[in-house]
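# Descriptive structure summary
Residue strings, one per chain:
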Amino acid sequence: MPEAQLTLALSKGRILEETLPLLARVGIVPDEDPARSRRLILSTSQPHIRLLIVRPTDVPTYVLHGGADLGVTGKDVLMEQAGGILYEPLDLRIGHCRLVLAGREGREPDRAQPRVATKYVATTRAFFAARGQQVDVIKLYGSMELAPLVDLADWIVDLVDTGNTLRANGLVPLETLAEISARLVVNPASWKTKHAPVRALVSALAETIGTESAP
Ligand code: PRP
């Protein structure tokens with residue numbers, strides 16, 4: 001019987017740079033350089049494994065609806081969108097950063113109900129709801145650091161890696177909502193119907209990063 005075809009959705013951008021070396025360590029090398037190629041489906045050195053190159057925020061959609069059997073995306077994206085629907089067997093220990101609440105240094109919000117600008121609307125709402133604090137959440141799609149500078153918002157919720165972007169804009173982290181890293185996610189149907197090759201890939205990745213995968 002031929003080996004089942006596996007489709008793996010990768011997040012383009014920062015995570016991709018760290019994902020490709022990890023895949024190479026388990027013998028999966030794309031036939032073209034995804035950073036240069038305009039192709040969105042790439043075959044690999046393993047004939048039964050192909051890669052999709054998509055936006056991090058689209059990875060859960062591809063995996064959830066079966067466009068891909070597996071995916072790699074940030075915990076920030078999964079917290080915001082997937083709500084535990086996808087099987088998440090492995091922390092890949094790459095793409096480390098923090099999801100933080102940040103504001104202008106030495107400034108308290110002067111609105112009775114502070115405004116928070118973020119692309120993580122659901123996560124932010126849940127965070128403040130758990131604290132019993134009422135806020136107005138304003139959805140942005142990027143460059144959140146700008147919002148407090150022009151008084152669009154009192155605070156932001158955003159990812160912080162080096163902290164350079166916050167510092168360059170006079171902002172300071174106030175609280176950490178979550179430690180973030182990239183996760184491997186699996187379509188629940190693929191986990192059952194393609195269990196052997198999926199399990200083999202999860203185990204190989206777990207072994208190469210020196211961790212235990214979920215059973
Ligand atoms: C991310 C994040 C911050 C920045 C943090 O933005 O949203 O703006 O990186 O990194 P640092 O702490 O190392 O400065 P990204 O460049 O991904 O663009 P975005 O604004 O479109 O999210």
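With that settled, the discussion passes to the sheet that holds strand β5 (residues 87-91). For sheets, the rule is that strands pair by backbone hydrogen bonds, running either parallel or antiparallel. Spatial strand order, β2-β3-β1-β4-β11-β5: six strands in an open sheet with mixed pairing. At either end of the open sheet lies a strand with only one pairing partner, and these are β2 (41-43) and β5. When strand polarity is set aside, the average angle formed by the axes of neighbouring strands in this sheet is 25°. Of the strands in this sheet, β1 (6-11), β3 (49-54), β4 (70-74) and β11 (182-186) touch helix α1 (residues 14-25), which is tilted by about 140° from β1. Seen against the sheet, helix α8 (residues 195-209) touches β1, β4, β5 and β11 and runs at an angle of roughly 25° to β5.

Attention shifts here to the site of the ligand. By nearness alone, 13 residues border the ligand, and Glu 145, Asp 161, Thr 162, Gly 163 and Thr 165 come closest of all. Between the ligand and Thr 162 there is a distance of 2.5 Å, counted from an oxygen atom to a side-chain nitrogen or oxygen. At a separation of 2.7 Å, an oxygen atom of the ligand approaches a polar backbone atom of Gly 163. Across the complex, the protein chains shield 70% of the 490 Å² of accessible surface that the ligand would expose by itself. Take the shell around the ligand: its biggest share by element is three residues, from strand β9 (residues 155-160). In terms of residue class, the shell around the ligand is made up of two nonpolar, six polar and five charged.

With that out of the way, let us pick up the domain arrangement of the protein chain. Assigned domains within the protein chain: domain 1 (6-95 + 181-209) and domain 2 (97-178). Using C-alpha coordinates to define each centre, domain 1 is positioned 30 Å away from domain 2. Contacts between the two partners involve five residues from domain 1, matched on the other side by ten residues from domain 2. Of the roughly 590 Å² buried between domain 1 and domain 2, counting both surfaces, carbon and sulfur atoms make up 51%.

Before going further, it helps to examine the packing of aromatic side chains. Going through the model one piece at a time under the given rule, you end up with three aromatic pairs. Pairing Phe 127 with Phe 128 gives two aromatic rings, centres 5.0 Å apart and planes at 80°, and the pair type is edge-to-face. On the accessibility criterion, Phe 127 (16% relative accessible area) is buried. Taking 5.9 Å as the distance between ring centres and 5° as the angle between the ring planes, the aromatic pair formed by Phe 128 and Trp 155 counts as stacked. Of this pair, Phe 128 sits in helix α4 (residues 121-131) while Trp 155 sits in strand β9; the two residues are 27 residues apart in sequence, bridging distant segments of the chain. On the basis of relative accessibility, which here comes to 10%, the residue Trp 155 falls in the buried class.

Pairing in this open sheet of five strands is mixed, and the strands run β8-β7-β9-β6-β10 from one edge to the other. Two strands lie at the open edges of the sheet, namely β8 (136-139) and β10 (171-180), each paired on one side alone. Direction aside, neighbouring strands of the sheet carry axes that sit 30° apart on average. In this sheet, β8 lies alongside strand β7 (residues 115-118) in parallel orientation, the contact comprising four bridges. Of the residues in β8, the one forming a bridge with Arg 115 is Asp 136.

We now examine the nonpolar core. Judged by nonpolar contacts, the single largest core of 29 residues is most densely connected at Leu 8, Leu 10, Leu 70 and Leu 184. Those elements that place two or more of their residues in this core are β1, α1, β3, β4, β11 and α8. No other element matches α8, which puts six residues into this core. When neighbours within four sequence positions are excluded, Leu 8 is seen to be in contact with Leu 23, Arg 50, Leu 51, Leu 52, Leu 70, Gly 71, Val 72, Leu 184 and Leu 201. Judged by nonpolar contacts, the second largest core, of 15 residues, contains Leu 101, Val 116, Val 135 and Val 157.

Residue Arg 93 is not a glycine yet carries a positive backbone phi of 60°. On the secondary structure map, Arg 93 appears in the loop between β5 and β6 (97-104). Among the residues examined, Arg 93 registers a relative accessible area of 43% and is labelled partly exposed. The phi torsion at Ser 143 lies on the positive side, around 45°, for a residue other than glycine.

Rules and cut-offs
Residues numbered from 1 in each chain as written. Predicted model: local features only at pLDDT ≥ 70, side-chain atom pairs only at ≥ 80, totals over all residues. Heavy atoms only, no water. Pairing = 2+ DSSP bridges. Helix = DSSP H or I, 4+ residues; strand = E, 2+ residues; numbered from the N terminus. Axes fitted to C-alpha atoms, helices over the stretch in contact; angles between N-to-C directions. Contact = heavy atoms within 4.5 Å. Near = heavy atom within 4 Å. Polar contact = N/O pair within 3.5 Å; in protein donor to acceptor, adjacent residues only side chain to side chain. Areas by Shrake-Rupley, 256 points an atom, 1.4 Å probe, with all protein chains shown as cover. Nonpolar A, V, L, I, M, F, W, Y, C, P; charged D, E, K, R; others polar. Domains from an automatic or database assignment. Buried area = accessible area lost by both parts, 1.4 Å probe. Phe/Tyr/Trp six-rings, centres within 6.5 Å; stacked < 30°, edge-to-face > 60°. Buried < 20%, exposed > 50% of the residue type's maximum accessible area, 1.4 Å probe, protein only. Core = buried A, V, L, I, M, F, W, Y, C linked by side-chain atoms within 4.5 Å.

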